[in-house]
Amino acid sequence: VQDDLLSLPLCPPPYDVFVARQMGYVAHSQASVATTDAETVLFQCKPYPESGFCNQFEPGGPHSGLGWVAVGPCRWAEDGSSSSSSTGSTSGTVMATTTSTVGA
């Protein structure tokens, strides 16, 4: 069973309403959501133009399929951290970002 858990991808940071309000979820952003059965599921934002829905609907909630794809279960690192402690691009995967264009 332990080997099965280790084969799961590490969970990205949990979905954050504040990030969504800042239009921070873009195509291929990832977020995790804890489910009612004590499992955490990794979601990925769909490519443009569906990616616009990622900031409107929480992954796993009603209508989340408009912008999010459930990738599958994920696991937390042994120290309880996520796969990325910072935002931005890592290995070609765009994580949730809070980049602002104010004043640009």
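Residues numbered from 1 in each chain as written. Predicted model: local features only at pLDDT ≥ 70, side-chain atom pairs only at ≥ 80, totals over all residues. Heavy atoms only, no water.

Colleague: So, unusual backbone geometry: which residues are in play, and what are the values?
Modeller: Between Y48 and P49 the backbone carries a cis peptide bond, its omega angle lying at 10°. With respect to the helices and strands, P49 occurs in the loop between β2 (40–45) and β3 (68–74). Phi angles above zero are rare outside glycine, and H28 is one such case at about 75°. Within the fold, H28 resides in the loop between α2 (17–21) and β1 (30–34). Judged by its relative accessible area of 37%, H28 is partly exposed. Notably, H63 is not glycine yet its phi reads approximately 70°, a positive angle. Looking at the secondary structure, you find H63 in the loop between β2 and β3. Overall, H63 belongs to the exposed group, its relative accessible area being 55%. (Helix = DSSP H or I, 4+ residues; strand = E, 2+ residues; numbered from the N terminus. Buried < 20%, exposed > 50% of the residue type's maximum accessible area, 1.4 Å probe, protein only.)

Colleague: Residue-level account of the packing of aromatic side chains, with values.
Modeller: Each aromatic ring pair is described using two quantities: the centre-to-centre distance and the angle formed by the ring planes. Considering all chains together, one arrives at 4 aromatic pairs under this definition. Between Y15 and Y25, the ring centres sit 5.2 Å apart and the planes meet at 10°, which makes this aromatic pair stacked. With Y15 in the loop between α1 (2–6) and α2 and Y25 in the loop between α2 and β1, this residue pair connects regions lying 10 residues apart in the sequence. Neither Y15 nor Y25 differs from the other in exposure class; each is buried. Cluster of aromatic residues (ring-pair linked, three or more members): Y15, Y25 and W68. (Phe/Tyr/Trp six-rings, centres within 6.5 Å; stacked < 30°, edge-to-face > 60°.)

Colleague: Summarise the state of the cysteines; cite the residues concerned and give the values.
Modeller: Enumeration over the complete set of coordinates arrives at 2 disulfides. Across the disulfide, C11 is cross-linked to C74 (sulfur-sulfur distance 2.1 Å). On the sign convention where negative means left-handed, the S-S torsion of about 100° between C11 and C74 marks this disulfide as right-handed. Remark: C74 occurs in strand β3 and C11 occurs in the loop between α1 and α2; sequence separation between them is 63 residues. According to the relative accessible area criterion, C11 is buried, its value standing at 1%. A relative accessible area of 7% places C74 in the buried class. With its sulfur 2.0 Å from that of its partner, C45 forms a disulfide with C54. As the torsion about the S-S bond is roughly 105°, the C45-C54 disulfide counts as right-handed. For C45, a relative accessible area of 1% puts it in the buried group. Cysteines bonded in the chain are numbered consecutively along the chain; their disulfide partners then correspond to 1-4, 2-3. (Disulfide = S-S within 2.5 Å.)

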